[in-house]
Amino acid sequence: MSGRWQRYSEPESAAEACARYTAGLLDEAVSRQGRATFAISGGSTPKLLFERLASREVRWDRVHFFWVDERPVPPDDPQSNYRLAREHLLLPARVPPQNVHRIEGERPPEEAAQRYVEEIRDFFRLGSAELPRFDVVQCGLGVDGHTASLFPGSPLLEDRDRIAAAVYAETPRQWRVTLLPGALLAAGHTVFLVTGEDKARAVRNTFNEPYNPRRYPAQIASGDDVVWFLDQAAAGLLETPTDRDARQER
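If you're wondering where the values come from, they're calculated on a predicted model, not measured in any experiment.

Now for the overall build of the protein chain. In terms of helices and strands, the protein chain carries 7 helices and 9 strands. Scaling as 2.2 N^0.38, a compact globule of 250 residues should have a C-alpha radius of gyration of about 18 Å, and the protein chain matches this with 17 Å. Taking the principal axes of its C-alpha atoms as reference, the protein chain extends roughly 60 × 40 × 35 Å. Buried positions account for 52% of the 250 residues belonging to the protein chain. Counting only contacts in the protein chain whose residues sit at least 6 apart along the sequence, the fraction spanning at least 24 positions is 75%. Just so you have it, the protein chain exposes about 11,700 Å², and 45% of that area is on carbon and sulfur atoms. Each charge sign in the protein chain was given a centre, from 32 positive and 37 negative side chains, and these centres are 1 Å apart.

Right under this line is the structure:
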């Protein structure tokens, strides 16, 4: 799989590097076009990233926030991806409310997905067959290799035409609303922040196994515009060029 990856000793240093890189991309977009669009993920790992992003001197009043996926919960629920971002990034960075385009997880999943698609279409002024081009998408990685709410075996992994959809995930036994591969692939830049030993096998499979997104969904995010920020534990099963050279010399 193509795509660059960088390894850091601790989760905090990986998050700091990811924040610095992401902030640079957002500022570049604002300087170029007057605004930036940023689609963010949930889970435990982004908290580290959000806290560091909030302290950086980004023109947050020019950045519009969208979500990669969301759980079927109200915005004040502890499981809400929106709540995580609100507490650790949106409020500390003083992002204007009108710049926040959340998925309404409190609605029935199909309705929430449709409203989210309409919100995106209106904001980007898209035609019926067009996909949005987010300036930056921030993704995570599950222990099973999923990214966004695109899980192994999901037929949505083949969907390159639609923007977002409701999906029932068997493993967590929960409905989700998620951006689809077409929207993820259309992004200007994609960053992954992955930490923890429990992710090491998924990281290795994503990079080293033959391309098969139905088995390893994160493989859909490949290309030179994708950068992975990994801590030592998550990158533990990956080989660097130096590692390969040393092994071949033995």
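Moving on to the pairing of strand β2 (residues 36–40). The element β2 is largely enclosed, with a buried count of 5 among its 5 residues. Side chains Ala36, Phe38 and Ile40 project from β2 onto one buried face, and the interleaved Thr37 and Ala39 project onto a second face that is buried too. Bridge count for β2 against strand β3 (residues 63–67) is 5 bridges, and the pairing is parallel. By the bridge assignment for β3, phenylalanine 38 is matched with phenylalanine 65. At this point the chain moves from β2, through helix α2 (residues 46–54), to the parallel β3, and the crossover so formed is right-handed. As judged from the 2 bridges shared by β2 and strand β5 (residues 136–139), these two strands associate in the parallel manner. Across the sheet, residue alanine 39 finds its bridge partner in β5, namely valine 137.

Counting across every chain of the model gives 13 aromatic pairs. Measuring from centroid to centroid gives 5.3 Å for phenylalanine 66 and phenylalanine 123, while their planes differ by 70°, and the two rings are edge-to-face. With phenylalanine 66 in strand β3 and phenylalanine 123 in helix α4 (residues 109–124), this pair connects stretches of sequence that are 57 residues apart. Judged on exposure class, the residue phenylalanine 66 and its partner phenylalanine 123 are both buried. When the centroid spacing of 5.4 Å and the interplanar angle of 90° are considered together, the rings of phenylalanine 124 and phenylalanine 134 count as edge-to-face. One end of the pair, phenylalanine 124, is in helix α4; the other, phenylalanine 134, is in the loop between α4 and β5, and 10 residues separate them in sequence. Pair check on accessibility: phenylalanine 124 and phenylalanine 134 agree, each one buried. Three or more aromatic residues joined by ring pairs form one cluster here, namely Phe66, Phe123, Phe124 and Phe134. Note that arginine 102 overlies the ring of tyrosine 82, its terminal NZ or CZ placed 5.5 Å from the centroid.

Reading the values: rules and limits
Residues numbered from 1 in each chain as written. Predicted model: local features only at pLDDT ≥ 70, side-chain atom pairs only at ≥ 80, totals over all residues. Heavy atoms only, no water. Helix = DSSP H or I, 4+ residues; strand = E, 2+ residues; numbered from the N terminus. Rg over C-alpha atoms; globule rule 2.2 N^0.38 Å. Buried < 20%, exposed > 50% of the residue type's maximum accessible area, 1.4 Å probe, protein only. Contact = heavy atoms within 4.5 Å. Areas by Shrake-Rupley, 256 points an atom, 1.4 Å probe, with all protein chains shown as cover. Lys, Arg positive; Asp, Glu negative; His and termini not counted. Charge placed at Lys NZ, Arg CZ, Asp CG, Glu CD. Pairing = 2+ DSSP bridges. Right-handed = clockwise from strand over helix to strand, strands pointing away. Phe/Tyr/Trp six-rings, centres within 6.5 Å; stacked < 30°, edge-to-face > 60°. Lys NZ or Arg CZ within 6 Å of the ring centre and 35° of its normal.

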